[in-house]
Amino acid sequence: MSTILIVALPTPLRRLFEYLAGQQDPSSLQPGVRVEVPFGNQTLVGVLVDVADTSTLPADKLRPIHAVLDSAPILPPDILALCRWAADYYQHPPGEVYHAALPTQLRKTETAPPQTTFWRHTTKGKGLPEQALKRSPKQQQIHQLLLQHGRLSDADLKLFDVSRAALRALADKELICGERGEPDQQPAAPLNAELMLAETPQQLNAEQQTAVDRIRYHHYQTYLLEGATGSGKTEIYLHAIARSLQAGKQVLMLVPEIGLAPQTLNRFRNRFRVPIVQLHSHIADGERANNWRAAANGSARIVIGTRLAVFTPLPDLGLIILDEEHDLSFKQQEGLRYSARDLAVMRAYKADIPLLLGSATPSLESLQNALAGRYEHLILTKRAGSARPPRMETVDMRKEGSNGVLSARAMETIRQTLARGEQVLVFINRRGFAPSLLCRHCGWVANCTACSARLTLHSQPCHLHCHHCDLQRPVPGKCPSCNYPELNALGQGTERCEAILQQQFPQTQVLRVDQDSMRRKSAMADLGRQLEQGEPCILVGTQMLAKGHHFPKVTLAVLLDIDQGLFSGDFRGPERMGQQLIQVAGRAGRGDLPGTVLLQTYQPDHPLLQLLLREGYHAFARSLLQERMLARLPPHWAMVVIRAESKRAENAVDFLKEVLQIGRDLRRPSPEHAYLGPLPALMEKRNHRYRFQLQISNARRAELQSLLKNLVERIETIPLAQRVRWNLDIDPQDMS
Ligand code: ADP
Ligand code: ZN
Ligand code: ZN
């Protein structure tokens, strides 16, 4: 009998791999350690997921591993189980899932954890009275931390955000000293309630109190916290977090992808004097790995992260919160196409702990779960604090005069708002100067040569840009087709809007907020600081503005071009339009000043828009749920999209036809089970590849799952599968 190691390797194959233990010490072979193994003629780092006595292969086919990279498992059993579940549910190659769960640095052959500096009191420092340094608050903070914890590593001190200068000053006075050593695996001592709170919490209003009281901390339950922007959801999170921290638990807080983490971090740091770490893409790899370790060894008590953080090991996890749960960024759109929200539900369920999903505009998925009683529904109807809900009005663009972008009414309201010393937000969901460049003489349009899409005209710097494949071209001086000497920018984007506003309000600062202007990592935080100073200004931006940011001095929001969502080819178009509209509107009037929202539209009488404005998001969403029911669409039906793309359109189509045939053989279409396609994708050509898709849906999720298992096995044997790029998207969020 020999020891067979079952290893997950980052390859596109939907299977695990077997190896021999070789010369390795058997006690080191625990599931969750990383191993280095030979694979073909390469060396790969994988995760040991299981140990078996017998192999499915003859012994001479098996090779021994090269090395075990960790002395103890770095992925604990619950994370291994979550990865296994995700690989299974999303029908994804398991090795890629385990790989994704590791921070980038640990995906490589890095062994011994780095040495670190520990700080402790000298004898002189220990003798110092507790309040001795109170004239120097930064030194005082370090003094108290060391009194409380005895010894803290550089990394720990970083978690508490202490000043390096203060640290050096204390060392110079010989009150503290540093020593080199191995990083500690010991969690920091639990903190008592008084030491933990850095500020006095808000007195909750009755609605908030009811919501907080309904959360049970010792069992699994998902709660959907539905409340308008400013209704006090974050305050509820803070109360729930305090409860968990006091019980010695860790908290995982998941936020959307763009820019919200720093703001959340500040609010949490103001409230709690506990180590808080961030895990998101704006943190450098090295720091990210350190933060991940701090979470995994228990020294970080609160982890704030984006979707990938759902896989973070947390030995004392007691509560998960997912804010802005409707946000699309919780679903990964490539590779492992997982939903961090759905994985959070699974993780909370397995850990038997509460999960809070919060939003002013819940996804139809979560709303449906709440209405069906699977989630507990906590509703906040009022704005907390002094703010009142904004006044919302449509501007009928068929009747209003406009400068091509903004209506006369919007311009006048902006002028009045600025004159009162307040701030304005203009929302337009297109970056660049204009979405197309056109010859009025012959009708030529600047198209992308690689995609079925138009090139966007940019003015800063001046060029044409494809937002789908990144192709960039100079702007032609005359029409390439008929030589007419003038080309026209058609439609509007953020840059054009910015230019028009700057021209109209030359004395006022106009700030553009989009992917192009926010490229710098600190750009969002800088913007927040600038707005806080309160000078009148105009913000022009895309949906980046819609994501939960708190702009207390903004009292007017103008939304341009909200009609697209009503006529989108994606069945989720109206849901997204409603969410965006309410989220942007929620940015107006959050402080003490009342807010106004102007919606420019050519469809002021559209029934969905009317419903949204008259009765609010909840009624709107329930009506959409009804429609989805009749149309047999998610969330009522489960859906998978199988996508294929190829430089030759017929390869993609023929491949999907074969998939359809296999599917039909496995499971006939019925009133409970439907196939749709192969159809061209909404954007048929992208980056020189033709894109097609096949939808399969079933009234029951479990049945779709069992079909998919068989289907995927068979798909892999289709010869054309080698010639096209194909993928499965389970519970797809974006149909483009
Ligand atoms: P949301 O997360 O729903 O947008 P917040 O929790 O950020 O709402 O609350 C909005 C504003 O109201 C914040 O400035 C917050 O400090 C304040 N606030 C929240 N709850 C209360 C309360 N119970 N009493 C007074 N002010 C509150
Ligand atoms: Zn022309
Ligand atoms: Zn392109």
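How each quantity is defined
- Residues numbered from 1 in each chain as written.
- Chains lettered and ligands numbered in written order.
- Predicted model: local features only at pLDDT ≥ 70, side-chain atom pairs only at ≥ 80, totals over all residues.
- Heavy atoms only, no water.
- Donors = N, O, S within 2.8 Å, 3.2 Å for Na, K, Ca; no water.
- Tetrahedral: all angles 85-135°; square planar, octahedral: opposite > 155°, others 65-115°.
- Buried < 20%, exposed > 50% of the residue type's maximum accessible area, 1.4 Å probe, protein only.
- Helix = DSSP H or I, 4+ residues; strand = E, 2+ residues; numbered from the N terminus.
- Axes fitted to C-alpha atoms, helices over the stretch in contact; angles between N-to-C directions.
- Parallel < 35°, antiparallel > 145°, perpendicular 65-115°, else oblique.
- Left-handed = near helix turned anticlockwise from the far one by under 90°.
- Contact = heavy atoms within 4.5 Å.
- Nonpolar A, V, L, I, M, F, W, Y, C, P; charged D, E, K, R; others polar.
- Expected span 1.5 Å × (residues − 1).
- Domains from an automatic or database assignment.
- Salt bridge = Lys/Arg side-chain N within 4 Å of Asp/Glu carboxyl O.
- Polar contact = N/O pair within 3.5 Å; in protein donor to acceptor, adjacent residues only side chain to side chain.
- Pairing = 2+ DSSP bridges.
- Near = heavy atom within 4 Å.
- Areas by Shrake-Rupley, 256 points an atom, 1.4 Å probe, with all protein chains shown as cover.

## Focus: the coordination of the zinc ion (ligand 3)
Taken together, the protein ligands of the zinc ion (ligand 3) are Cys-448 (SG), Cys-451 (SG), Cys-466 (SG) and Cys-469 (SG), with distances of 2.2 to 2.3 Å. Viewed at the metal, the 4 donor atoms of the zinc ion (ligand 3) are separated by angles of 103 to 114 degrees, and the geometry they form is tetrahedral. If you list the donors of the zinc ion (ligand 3) from N- to C-terminus, the spacing comes out as C-x2-C-x14-C-x2-C. Accessibility expressed as a relative area gives 1% for Cys-466, which makes it buried.

## Side note on the coordination of the zinc ion (ligand 2)
Around the zinc ion (ligand 2), the protein contributes the donor atoms Cys-439 (SG), Cys-442 (SG), Cys-479 (SG) and Cys-482 (SG), at 2.3 to 2.4 Å from the metal centre. With 4 donor atoms in place around the zinc ion (ligand 2) and angles of 108 to 112 degrees between them, the coordination shape is tetrahedral. All donor residues of the zinc ion (ligand 2) come from one chain, and their arrangement in sequence is C-x2-C-x36-C-x2-C. Here Cys-442, found in the loop between strand E18 (436-438) and strand E19 (456-459), pairs with Cys-479, found in the loop between strand E21 (472-473) and strand E22 (488-490); they are 37 residues apart in sequence, far enough to count as distant. Overall, the relative accessible area of 0% leaves Cys-479 in the buried class.

## Some thoughts on the packing of helix H1 (residues 77-89) against helix H12 (residues 340-351)
In the contact formed by H1 and H12, the axes pass within 11 Å of each other and the chain directions differ by 135 degrees. Relative to H12, H1 is oriented oblique. The element H1 and its partner H12 pack so that their crossing is right-handed. Facing H1, whose interface residues are Asp-78, Ile-79, Ala-81, Leu-82, Trp-85 and Ala-86, H12 presents Leu-343, Met-346, Arg-347 and Lys-350. The class makeup of the residues in the contact of H1 with H12 is 7 nonpolar, no polar and 3 charged.

## Some details on helix H4 (residues 137-149)
The terminal C-alpha atoms of H4 lie 18 Å apart, and with 13 residues this matches the ideal 18 Å at 1.5 Å per residue to within 8%. Turning to H4, its buried residues are Gln-139, Gln-140, Ile-142, His-143, Leu-145, Leu-146 and His-149. Immediately downstream of H4, the backbone of Gly-150 shows phi near 85 degrees, a positive value.

## Notes on the domain arrangement of the protein chain
Each domain of the protein chain was delimited in the assignment, giving domain 1 (4-107), domain 2 (116-181), domain 3 (193-380), domain 4 (391-434 + 491-626) and domain 5 (638-730). Taking only C-alpha atoms, the centre of domain 3 and the centre of domain 4 are 28 Å apart. Contact with domain 3, which involves 26 residues of that partner, is made by 22 residues of domain 4. The tally of links between domain 3 and domain 4 comes to 1 salt bridge. For Glu-365, the salt bridge identified is with Arg-572, shortest N-O distance 3.0 Å. Counting across the interface, domain 3 meets domain 4 through 8 residue pairs in polar contact (both at pLDDT 80 or more).

## Considering the pairing of E19
Direction of pairing for E19 relative to strand E20 (residues 462-465): antiparallel, over a ladder of 4 bridges. For Ser-459, the partnering residue across the bridge sits in E20 and is Cys-462. Between E19 and E20, which follow one another and run antiparallel, lie 2 residues.

## A word on the site of ligand 1
Lining the immediate environment of ligand 1, one finds 17 residues, of which Gln-203, Gln-208, Gly-230, Thr-234 and Arg-267 sit closest. Within the backbone of Asn-205, a nitrogen or oxygen atom sits 3.5 Å from a nitrogen atom of ligand 1. In the complex, 80% of the free accessible area of ligand 1, which totals 560 Å², lies under the protein chains. Here the shell around ligand 1 takes 3 residues from helix H9 (residues 233-246), the largest share from any one element. Split into classes, the residues belonging to the shell around ligand 1 amount to 3 nonpolar, 10 polar and 4 charged.

## Let's talk about the packing of helix H19 (residues 649-666) against helix H20 (residues 701-715)
Between H19 and H20, whose axes approach to 10 Å, the crossing angle comes to 135 degrees. Accordingly, the angle class assigned to the pair H19 and H20 is oblique. Of the two possible hands of crossing, H19 and H20 adopt the one that is right-handed. Every residue of H20 that contacts H19 at Phe-655, Val-659, Ile-662, Gly-663 and Leu-666 is listed here: Leu-707, Asn-710, Leu-711, Arg-714 and Ile-715. Split by residue class, the contact of H19 with H20 holds 7 nonpolar, 2 polar and 1 charged.

## Focus on the sheet that holds strand E29 (residues 689-698)
In space, the 4 strands of this open sheet follow the order E28-E29-E27-E30, with antiparallel pairing throughout. In this open sheet, the two strands that pair with only one neighbour each are strand E28 (673-686) and strand E30 (725-730). Shown here is a sheet whose adjacent strand axes are inclined to one another by a mean of 20 degrees, direction ignored. Helix-sheet contacts for H20 involve strand E27 (638-646), E28, E29 and E30, and the interaxial angle to E27 is about 25 degrees.

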